[in-house]
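Chain and residue survey
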Amino acid sequence: MTGHVFALAMAALDEVNGPEGQPPSQDARAEWDKIDWRAHEEQVQRLRQRIFKAAQEQDWPRVRNLQKLMLRSRSNVLVSVRQVTQRNTGRKTAGIDGEVALTPEARAQVAVQVHQSIGSWNPRAVRRVYIPKASNRAKPRPLGIPVIMDRCHQNRVKNALEPEWEARFEPRSYGFRPGRGCHDAIAAIYSTCKGHRARRVWVLDADLAAAFDRIDHDHLLAAIGSFPARDMIRDWLKAGVFEAGKGFAPTVEGTPQGGLCSAEHNPPYEQCRVMRSAGLPALVTATLGVEHCA
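Description of the structure in this document. None of the values given here were measured: they were computed from a predicted structure. (Residues numbered from 1 in each chain as written. Predicted model: local features only at pLDDT ≥ 70, side-chain atom pairs only at ≥ 80, totals over all residues. Heavy atoms only, no water.)

1. As for unusual backbone geometry
Here the phi dihedral of Gln58 falls at roughly 55°; this positive angle occurs in a residue that is not glycine. Take Gln58: it is sitting in the loop between α3 (37-56) and α4 (60-72). (Helix = DSSP H or I, 4+ residues; strand = E, 2+ residues; numbered from the N terminus.)

Okay, here's the thing in structure tokens:
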């Protein structure tokens, strides 16, 4: 099934790269949509669950072997390309190369390029853009937008790395984690503080200033240990930033906000807000999860 699914993308690319001067056929445009996405996503999800279970059991050789399988998976490639080019809100935003993939033909071509470059891709510098901060619109927030190939590879790597660390993180950590958000944190705080016999009725509200900008590369790489795509993550961290009017600047620390992997680097660096708990005299803190930017 997996080979057949990927062959459909390959067939679409063959049609796109057909004889010069001949437009792609309507059948070629439909190939991308003919892929059985449900079966494909289920296959990736099953492999993620196997990595999670092996990490829970601390069977690290098995974790690494399963991660290698995920990184080579054609299913993972197609799911990642679809996520980046079709589902993410940033799909229309280009990196330094100015390229996006908004048609079925373009997405099929990206899928083939990603699969062919699994072992040879060299990360590109990110494009620096600024958006206003939600808390202070007068102060801009810097984003780093990777090229579309980097985003696809990042999603591919994320599917291998994320389930391992989901099994290792603290159970009471809610920021930057799949399937968790601020409402889960609020519920946990309420369960701790409710009742007349509650002993912990306050929470320290703290925030790490410029947490993304100051993440230590060496510490992060040491934390992920022998993860099979460790070298690629290192190259993303060191890829640098290109800003219009200023040119290229190397990155010696921090991770650019805007890439798919940036939030994966940051648990448990969670942004907090103070709220008043209903029925309780004390101020409590709700820990907020942040969605992926790309």
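2. Details of α3
When the terminal C-alpha atoms of α3 are compared, their 28 Å separation across 20 residues agrees well with the 28 Å that a helix rising 1.5 Å per residue should span. Burial in α3 covers these residues: Trp37, His40, Val44, Leu47, Arg48, Ile51, Ala54 and Ala55. Projected down its long axis, α3 carries its buried residues within an arc of 130°, all on one side. Immediately downstream of α3, the backbone of Gln58 shows phi near 55°, a positive value. (Expected span 1.5 Å × (residues − 1). Buried < 20%, exposed > 50% of the residue type's maximum accessible area, 1.4 Å probe, protein only. Arc of directions from axis to C-beta.)

3. Description of the packing of helix α9 (residues 217-224) against helix α10 (residues 230-237)
Relative to each other, α9 and α10 sit at 165°, their axes nearing to 11 Å. Comparing the axis directions of α9 and α10 gives the class roughly antiparallel. Crossing hand, α9 versus α10: right-handed. In this structure, α9 contributes His217, Leu220, Leu221, Ala222 and Ile224 to the contact, and α10 contributes Arg230, Ile233, Arg234 and Leu237. A per-class count over the contact of α9 with α10 returns 6 nonpolar, 1 polar and 2 charged. (Axes fitted to C-alpha atoms, helices over the stretch in contact; angles between N-to-C directions. Parallel < 35°, antiparallel > 145°, perpendicular 65-115°, else oblique. Left-handed = near helix turned anticlockwise from the far one by under 90°. Contact = heavy atoms within 4.5 Å. Nonpolar A, V, L, I, M, F, W, Y, C, P; charged D, E, K, R; others polar.)

4. Topic: the environment of Ala108
Looking at where Ala108 falls in the secondary structure, it is placed in helix α6 (residues 104-116). C-alpha of Ala108 to C-alpha of Trp32: the two residues are 76 residues apart in sequence and 6.5 Å apart in space.

5. Brief notes about the pattern of salt bridges
Per the stated rule, a full pass over the model turns up 11 salt bridges. Between Arg48 and Glu162 there is a salt bridge; the shortest N-O distance is 2.7 Å. Of the two residues, Arg48 sits in helix α3 while Glu162 sits in helix α7 (residues 148-166), which places them 114 residues apart along the sequence. Ionic pairing is found between Arg64 and Glu164, a salt bridge with its closest N-O pair at 3.0 Å. Residue Arg64 is found in helix α4, and its partner Glu164 is found in helix α7; the two are separated by 100 residues along the sequence. Accessibility assignment for this pair places Arg64 and Glu164 in one class, buried. Each of Glu41, Arg82 and Arg87 takes part in one network of salt bridges that share partners. (Salt bridge = Lys/Arg side-chain N within 4 Å of Asp/Glu carboxyl O.)

6. Topic: the pairing of strand β1 (residues 126-132)
Pairing between β1 and strand β3 (residues 241-243): 2 bridges, direction parallel. Its bridge partner being in β3, Arg127 is matched across the sheet by Phe242. Here β1 runs beside strand β2 (residues 140-145); their pairing, made up of 6 bridges, is antiparallel. Bridge pairing links Pro132 to Pro140 in β2. (Pairing = 2+ DSSP bridges.)

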